[in-house]
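Listed below, chain by chain, are the residues.
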Amino acid sequence: MKCTLVDVAPESDFSIQNLPYGVYSTAGAAEPRVGVAIGDYALDMCALAQRGLFDGIDGLDAARVFGQPRLNEFMGLGRPVWRPVREALQCFLSDAEHPVRKGLDGVDSVAVPLSAVRMHLPANIGDYTDFYASREHATNVGVMFRGKDNALMPNWTHLPVGYHGRASSIVVSGTELRRPSGQRRPDPEQPPVFGPSVRLDYELEMGWFVGPGNELGTPLTIEQAEERIFGVVLMNDWSARDIQAWEYVPLGPFLGKNFGTTISPWVVTMDALEPFRVPQPAQDPEPLPYLRSPPGAPAAAGYDIQLGVDIRPSGRDEFFPLTRSNLKYMYWTLRQQLVHHAINGCNMRPGDLCGTGTISGPTEEAFGSMLELSWSGKKDIALGSSGLTRKFIQDNDVIRITGHCQGDGFRVGFGECAGLILPAQ
Ligand SMILES: O=C(O)/C=C/C(=O)CC(=O)CC(=O)O
Ligand SMILES: [Ca+2]
Ligand SMILES: [Mg+2]
């Protein structure tokens, strides 16, 4: 299938096979609105609704739903609505004879160049949870925080471990964040001190948005979980390792992580990711029945998404690679994370965000944090052949995450998730 409305380069993240959703505004129209990215453009979903593109889709009041400054309501409608909307967009973009195309006075009446948009958070994020689902990451961090013999806790292979994060400090790519200050204890023989974090780190993650939720007290099944994830973004769970290491016992991460979490603005739908399913890593011991693959759904519940983290060091204008990883390494799958989250009757709501946890892989280049790459600050990370090194993030460094699935002649990509670290207040 080929887009005939605008040119899409083969290396563009936003092919006709992708069609991710976001919320944007422009200098001329400051009210945020729902868009879909295609090539170098954002389609105005409300304008397309007003031209009748989504007429006849059961359960969708398109002009109202796409006229909102957030995606929560659309996320809550579920696959029976998401799929026909995707099909309508693909017909409109590929078929030059499409009736809605005939009435157009040029592309500009339904789209704006991405260079002219300002992106916003895609949803009103009511709740945010972060998992710890990469075996390689959990093992590496466990060795550093608790020693080799206690690295992977006994529960880890039986359930997707997670913690409740903070929704208020989630920001969209491009937002600058300030280095946090807090309590840390650099010398284990001395009392703690207060000051700016000196071990500021990134975590390479993906975030997934909940679609239709569940009522309080009514758990989801794994079949339902498969159908209720709307889509995925890139995510950086910025982490102050010195604050985290001192505060986390016994209740887990708190101020070392809730000073900022950055996500990419375009939500890539599960329907776009469908062709890139791959088997998840073998799970041994076999999980309890509620976490097992459902008979009706594809057994392969991993996704082959190539992920990269790069740094633009303070004072330089080029980026250097830090991490090269892939979502397919993840031990606990997205649907297992969702079914586990709701199995006690916890109600999940449309637009809630869950992080996968840091996505590390089996080789050193796939380590998804500086904590792992510098092995807790014991060695320097070389930045290309620049002669520069890092152990942790310095003031005015930019950390940028990118990712895509590679199809045959096209990409399903995520754009970028970037942020600059300002000096502490
Ligand atoms: O105490 C630990 O083992 C470490 C916990 C985390 O760093 C939590 C976290 O953000 C998990 C992750 O990103 O995988
Ligand atoms: Ca994390
Ligand atoms: Mg965070």
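Anything mentioned here points back to the structure above.
The structure contained in this document is the topic of the report that follows. (Residues numbered from 1 in each chain as written. Chains lettered and ligands numbered in written order. Predicted model: local features only at pLDDT ≥ 70, side-chain atom pairs only at ≥ 80, totals over all residues. Heavy atoms only, no water.)

Octahedral metal centres with six donors ideally show angles of 90 or 180 degrees, and tetrahedral centres with four donors ideally show 109.5 degrees. Note on the calcium ion (ligand 2): its protein donors are Asp130 (OD), Glu203 (OE), Glu205 (OE) and Asp237 (OD). The metal-donor distances range over 2.2 to 2.3 Å. Classification of the site at the calcium ion (ligand 2) as irregular follows from its 6 donor atoms and the range of 78 to 165 degrees in their angles at the metal. When the donor residues of the calcium ion (ligand 2) are listed from N- to C-terminus, their spacing reads D-x72-E-x1-E-x31-D. Here aspartate 130, found in strand S6 (residues 128-131), pairs with aspartate 237, found in the loop between strand S14 (229-236) and strand S15 (239-240); they are 107 residues apart in sequence, far enough to count as distant. One exposure class covers both aspartate 130 and aspartate 237, and it is buried. (Donors = N, O, S within 2.8 Å, 3.2 Å for Na, K, Ca; no water. Tetrahedral: all angles 85-135°; square planar, octahedral: opposite > 155°, others 65-115°. Helix = DSSP H or I, 4+ residues; strand = E, 2+ residues; numbered from the N terminus. Buried < 20%, exposed > 50% of the residue type's maximum accessible area, 1.4 Å probe, protein only.)

Omega for the bond connecting valine 249 with proline 250 falls within 30 degrees of zero, at -5 degrees, which places this linkage in the cis form. Checked against the element boundaries, proline 250 lands in the loop between helix H8 (241-247) and strand S16 (261-263). Put simply, aspartate 284 and proline 285 share a cis peptide bond, and its omega is 5 degrees. With respect to the element layout, proline 285 can be found in the loop between strand S18 (277-278) and strand S19 (302-303). In this structure, tryptophan 375 takes a positive phi of about 45 degrees despite not being glycine. In this fold, tryptophan 375 is placed in the loop between helix H11 (370-373) and strand S23 (381-382). For tryptophan 375, a relative accessible area of 27% gives the class partly exposed. The residue serine 376 is not glycine, and still its phi comes out positive at about 60 degrees. With respect to the helices, strands and loops of the structure, serine 376 is situated in the loop between H11 and S23. Judged by relative accessible area, serine 376 falls into the buried class, the value being 18%.

Think of a sheet as strands paired side by side through backbone hydrogen bonds, with each pair either parallel or antiparallel. Sheet architecture is open: 5 strands sit in the order S9-S26-S25-S20-S21, paired in mixed fashion. The open sheet terminates on both sides in strands that have one partner only, identified here as strand S9 (177-178) and strand S21 (320-326). Here strand S20 (residues 306-312) runs beside S21; their pairing, made up of 6 bridges, is antiparallel. Directly across from valine 309, in S21, lies its bridge partner threonine 323. (Pairing = 2+ DSSP bridges.)

These figures capture arrangement, not role.
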